[in-house]
Each structure stands twice: as structure tokens, then as C-alpha cells.
Amino acid sequence: MIAASLLACRLCAALGARIVMTVSAIAGSAMLPAPGVARSPTTLGLLLIVLGAMVGVMDVAMNVVGVTATRRTGRAIMPLLHAAFSLGTLGLVRPIMLLVRVRACRRRA
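Here's what I pulled together on the structure shown here. (Residues numbered from 1 in each chain as written. Predicted model: local features only at pLDDT ≥ 70, side-chain atom pairs only at ≥ 80, totals over all residues. Heavy atoms only, no water.)

**As for the packing of helix α2 (residues 17-31) against helix α3 (residues 41-73)**
Then, number 1: Running from amino to carboxyl end, α2 crosses α3 at an angle of 150°, the nearest separation of the two axes being 8 Å. In terms of axis orientation, α2 runs roughly antiparallel to α3. Considering how the two elements wind past one another, α2 and α3 form a crossing that is left-handed. Of the residues in α3, those in contact with Ala17, Arg18, Val20, Met21, Ser24, Ala25, Ala27, Gly28 and Met31 of α2 are Leu47, Val50, Leu51, Met54, Val57, Met58, Ala61, Met62, Val64 and Val65.
Then, number 2: Here the residues of the contact of α2 with α3 are counted per class, giving 16 nonpolar, 2 polar and 1 charged. (Axes fitted to C-alpha atoms, helices over the stretch in contact; angles between N-to-C directions. Helix = DSSP H or I, 4+ residues; strand = E, 2+ residues; numbered from the N terminus. Parallel < 35°, antiparallel > 145°, perpendicular 65-115°, else oblique. Left-handed = near helix turned anticlockwise from the far one by under 90°. Contact = heavy atoms within 4.5 Å. Nonpolar A, V, L, I, M, F, W, Y, C, P; charged D, E, K, R; others polar.)

**Quick look at the layout of surface pockets**
Then, number 1: In this model, the largest pocket occupies a volume close to 230 Å³.
Then, number 2: Looking at the largest pocket, the residues that line it are Ser24, Ala25, Gly28, Ser29, Leu32, Leu51, Met54, Val55, Met58 and Phe85.
Then, number 3: Every element with two or more residues in the lining of the largest pocket is listed here: α2 and α3.
Then, number 4: Lining the second largest pocket are Ile96, Leu99, Val100, Arg103, Ala104 and Arg107.
Then, number 5: For the lining of the second largest pocket, the class distribution of residues is 4 nonpolar, no polar and 2 charged. (1 Å grid on protein atoms, 1.4 Å probe; cavity = no way out; pocket = protein on both sides within 12 Å on 5 of 7 lines; lining within 4 Å. Points joined across faces, edges and corners; volume = space filled by probe spheres on them.)

Shown next, in the form of C-alpha cells:
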């Protein structure tokens, strides 16, 4: 994740933070189910490395976008962005847990 974060800085400078954030979010989302279908510990490790890299790149790009927005508005909005990210994550956990529970119950039946 650290190496990916260092790469993210260069990607944001070259391509723009919005593009890097969007591509890494899509790639990271596409990678989420992959560890669940890994057939070996080696494959699982490699998939987790790639997933961690996508998350690291997305994290740096989101912060670059936040800093840019802070500079443009002249207001300290980074704490609000971090709070919104945390609340959004927590808000999604419950529905996802319910979905997993429903699917597990259907498999047992």
C-alpha cells in the first residue's frame, strides 16, 4: 500500500486526481469479490496486495481532491470529508450484513 501511495502522487500529478480517484475506485470495487474466490494462499496474497494497492491509490487521490477543494473554497473542509467517508462506510455496513445474512439463510434452505 505504501508503494502504491507513492505511485499515486505521480499519477495524480500526471493525470489529475479526479481521474486517478475514479479509476482506482472502480478497479478496487471490481477487486472486492476476488479474495473470496482465491484457490490458494498464494493467489489470495497476490489479490490482497492488488486490492491494497487500489485502496492506497484511491486514498491518496481522494485527499488530493479534498486539498484542492479546500484551497479553492478557502474553508477547512477536510475534516468534513473524512467524517462523511467514515459515516458513509458505517452506513453501508448494516445493509451489507443483512444481505449476507439473507444469502446465507437461502443457502441453508
